[in-house]
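Remarks on the overall topology
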Amino acid sequence: MRSIIKKQDFYHHQDSLPNNFLATIPDYKQAFRAIRMFKDDYLIDFINVEELGMRDEDVDERVIEQHIVHNVKNFIMTFGKGFAFIGNQVHYDKLGHDHWIDLLFYNRDLHRTVVFELKKGDFKVAYLAQLSSYLRILNDDDRREGENAPVGIILCKNMDKEYVNYIMQDFRQPMGVATYKTADEVDPELVKLLPPKEELIKLIEDRED
């Protein structure tokens, strides 16, 4: 049983997120805070593909997004304290070009907006370019006085962490890449062993304090 927990431990992945925060966030304390806030792997356990009556290959980003919106409180609890939901498919027009941000939040502890881009497959370099453009637009057109520059997280199904860390070095907007799993992808025996979500959130908050 211990081998299962080690293999699928979604709640002890802090400080492991592939990111460029130290290179792109001038205040190193803020950079380390951002690194500790996000993990490299998440269990979005309020989404169960089997219960949706769909095959995994038939589920696209919009399906996952809509279920996150309908369960936004659970999504926020997954990522920890301080998040406020702004909207989904948030539209920005830049020089006549349309941009649609999947999920937009504000984090009170980081004092900055946070973009989550959902991808149903493996990591692709093009996702970083897309996210970088969103962050540039938010920084130029949406950032308010007193706020820090926005950060972005790509949520995808699989990634090569060493490759992601390598390729991210040339991007100047603060961003990271994490993977996610839905409830139907997790060993049921592991789920039984996990403590209640509220207890897990308290553990995360105690670590941050």
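In this section: the pattern of salt bridges. Evaluation of the coordinates by the stated rule reveals 5 salt bridges. Salt-bridge contacts for D141 lead to K94; the nearest nitrogen and oxygen are separated by 3.1 Å. In this pair, D141 is assigned in helix 6 (residues 125–142) and K94 in strand 2 (residues 83–94), connecting sequence segments 47 residues apart. Taking the shortest distance from any N to any O, the salt bridge between D140 and R136 comes out at 2.9 Å. With D140 and R136 both in helix 6, this residue pair falls 4 residues apart, about one helical turn. What makes R136 partly exposed here is its relative accessible area of 46%.

With that out of the way, let us pick up the confidence of the model for the protein. Mean pLDDT for the protein: 78, with 70% of residues reaching 70 or above. Confidence, expressed as mean pLDDT per element, reaches its minimum in the protein at helix 1 (residues 2–7) with 36 and its maximum at helix 6 with 96. With pLDDT under 50 throughout, residues 1–13 is counted as low confidence; its partners more than four residues away or in other chains account for 25 contacts.

This paragraph deals with the pairing of strand 5 (residues 151–156). Within strand 5, 6 of the 6 residues are buried, leaving the element largely enclosed by the surrounding structure. Taking every second residue as pointing to the same face, both faces of strand 5 are buried, with V151, I153 and L155 on one and G152, I154 and C156 on the other. Once the chain exits strand 4 (residues 112–118) it traverses helix 6 before rejoining the sheet at strand 5, and the crossover so formed is right-handed. Of the strand pairs in this sheet, strand 5 and strand 6 (residues 175–182) are connected by 5 bridges, and their pairing is parallel.

Moving on: helix 5 (residues 72–79). Listed in full, the buried residues belonging to helix 5 are F75, I76, M77, T78 and F79. At the exit of helix 5 stands G80, carrying a positive phi of roughly 110 degrees.

Our next topic: the environment of R143. On the secondary structure map, R143 appears in the loop between helix 6 and strand 5. Taking the relative accessible area as the measure of exposure, R143 reaches 39% and is therefore partly exposed. Taking the C-alpha atoms as reference points, R143 and T113, separated by 30 residues in sequence, lie 8.2 Å from one another. Here R143 is in contact with L138, N148 and A149, once residues within four sequence places are set aside. Within the structure, the side chain of R143 is placed 2.8 Å from the side chain of N139, a separation counted as a polar contact. A distance of 3.0 Å separates a polar atom in the side chain of R143 from the backbone oxygen of E147.

Cut-offs and rules
- Residues numbered from 1 in each chain as written.
- Predicted model: local features only at pLDDT ≥ 70, side-chain atom pairs only at ≥ 80, totals over all residues.
- Heavy atoms only, no water.
- Salt bridge = Lys/Arg side-chain N within 4 Å of Asp/Glu carboxyl O.
- Helix = DSSP H or I, 4+ residues; strand = E, 2+ residues; numbered from the N terminus.
- Buried < 20%, exposed > 50% of the residue type's maximum accessible area, 1.4 Å probe, protein only.
- pLDDT = per-residue confidence, 0-100.
- Contact = heavy atoms within 4.5 Å.
- Right-handed = clockwise from strand over helix to strand, strands pointing away.
- Pairing = 2+ DSSP bridges.
- Polar contact = N/O pair within 3.5 Å; in protein donor to acceptor, adjacent residues only side chain to side chain.

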